[in-house]
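# Overview (structure and organization)
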Amino acid sequence: EVKIVGEDKKSYTALVVYLPFVYVKNHKGLLAKLVNDIQSKKKLPTFIVAHRTLLNKKSAQKQKIPRNRTLTAVYDSILEDLISPGIIIGKRQRYHLDGSQHTKVFLNEESRAFLESKTHLIAQIYKQLTNRKVSFEFRHETSYIRVPLIKAPRAKPLKRAAPKKDAAAVPAQ
């Protein structure tokens, strides 16, 4: 359970459920049903986060650390888990002089219906889990795909018929 201060300055609690990464990866369809069941029974806003392994760069490992186990990758995945089934279409990070950072996340306009009421809640949960500030904005997803133009076949020029010669004008041989 995570304690959260709402927009009206009241204290609320939310439930963050950690599940093994493999389960979350293989059962994405069941997660929505699971969240709805827990919310109806506990009467708390519920979020499911996959439990991921985080490796330190300075650990005494001889091998190179995989990208999905770095701090940045794990924190990005936590954010994606919190806003699922919404879609992130962009991010901007601002670094402050004191070393803190603020991330502005752009979400797809189609996910506004079910995420708009939860954005303040998600931002506070993310701050408690990762100690990073985040804010959300909804935008239409821009598409840079060029639609190929269908060229109409050009009309072939008509062949001009050679002028007919008069039979009278042609000398008889």
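Details of the structure are given in the entry above.
The paragraphs below set out a description of the structure included in this document. (Residues numbered from 1 in each chain as written. Predicted model: local features only at pLDDT ≥ 70, side-chain atom pairs only at ≥ 80, totals over all residues. Heavy atoms only, no water.)

The next point concerns the packing of aromatic side chains. One pair of aromatic rings is described through two measures. These are the centre distance and the angle between the planes. Counted by the stated rule, this structure contains 0 aromatic pairs. Looking at R139, its charged tip hangs above the ring of F106, at a distance of 3.9 Å from the centre. (Phe/Tyr/Trp six-rings, centres within 6.5 Å; stacked < 30°, edge-to-face > 60°. Lys NZ or Arg CZ within 6 Å of the ring centre and 35° of its normal.)

This next bit is on the nonpolar core. Generally speaking, a soluble globular protein has its nonpolar side chains buried in company with each other. Counting 23 residues, the largest nonpolar core has L82, I125 and F136 as its most contacted members. Elements that contribute at least two residues to this core include exactly β1 (2–5), β2 (11–20), β3 (46–51), α3 (71–83), β5 (101–108), α5 (119–130) and β6 (133–139). Sort the elements by how many residues they give to this core and α3 lands first, with 6 residues. Residues within four places of F136 in sequence aside, it is in contact with L79, I83, V105, L107, T119, I122 and A123. (Core = buried A, V, L, I, M, F, W, Y, C linked by side-chain atoms within 4.5 Å. Buried < 20%, exposed > 50% of the residue type's maximum accessible area, 1.4 Å probe, protein only. Helix = DSSP H or I, 4+ residues; strand = E, 2+ residues; numbered from the N terminus. Contact = heavy atoms within 4.5 Å.)

What follows deals with α3. Taking 1.5 Å of rise per residue, the 13 residues of α3 would be expected to cover 18 Å, and the 19 Å separating its terminal C-alpha atoms lies within 8% of that figure. In terms of burial, α3 is a largely internal element, 10 of the 13 residues being buried. Buried within α3 are the following residues: A73, V74, Y75, D76, S77, I78, L79, D81, L82 and I83. Contacts made by the buried residues of α3 are with β3, β4 (88–95), β5, α4 (112–115), α5 and β6. (Expected span 1.5 Å × (residues − 1).)

Another point: the sheet that holds β1. Two orientations exist for strands paired in a sheet by backbone hydrogen bonds: parallel and antiparallel. One open sheet accounts for 3 strands, arranged β1-β2-β3; its pairing is mixed. Only two strands of the sheet have a single partner each, and these edge strands are β1 and β3. Sheet twist, expressed as the mean angle between neighbouring strand axes with direction ignored, is 35 degrees. Two elements, β2 and β3, share 6 bridges in a ladder whose sense is parallel. Bridge pairing in β3 links L19 to A50. Docked against the sheet, α5 engages β1, β2 and β3, running at close to 130 degrees with respect to β1. (Pairing = 2+ DSSP bridges. Axes fitted to C-alpha atoms, helices over the stretch in contact; angles between N-to-C directions.)

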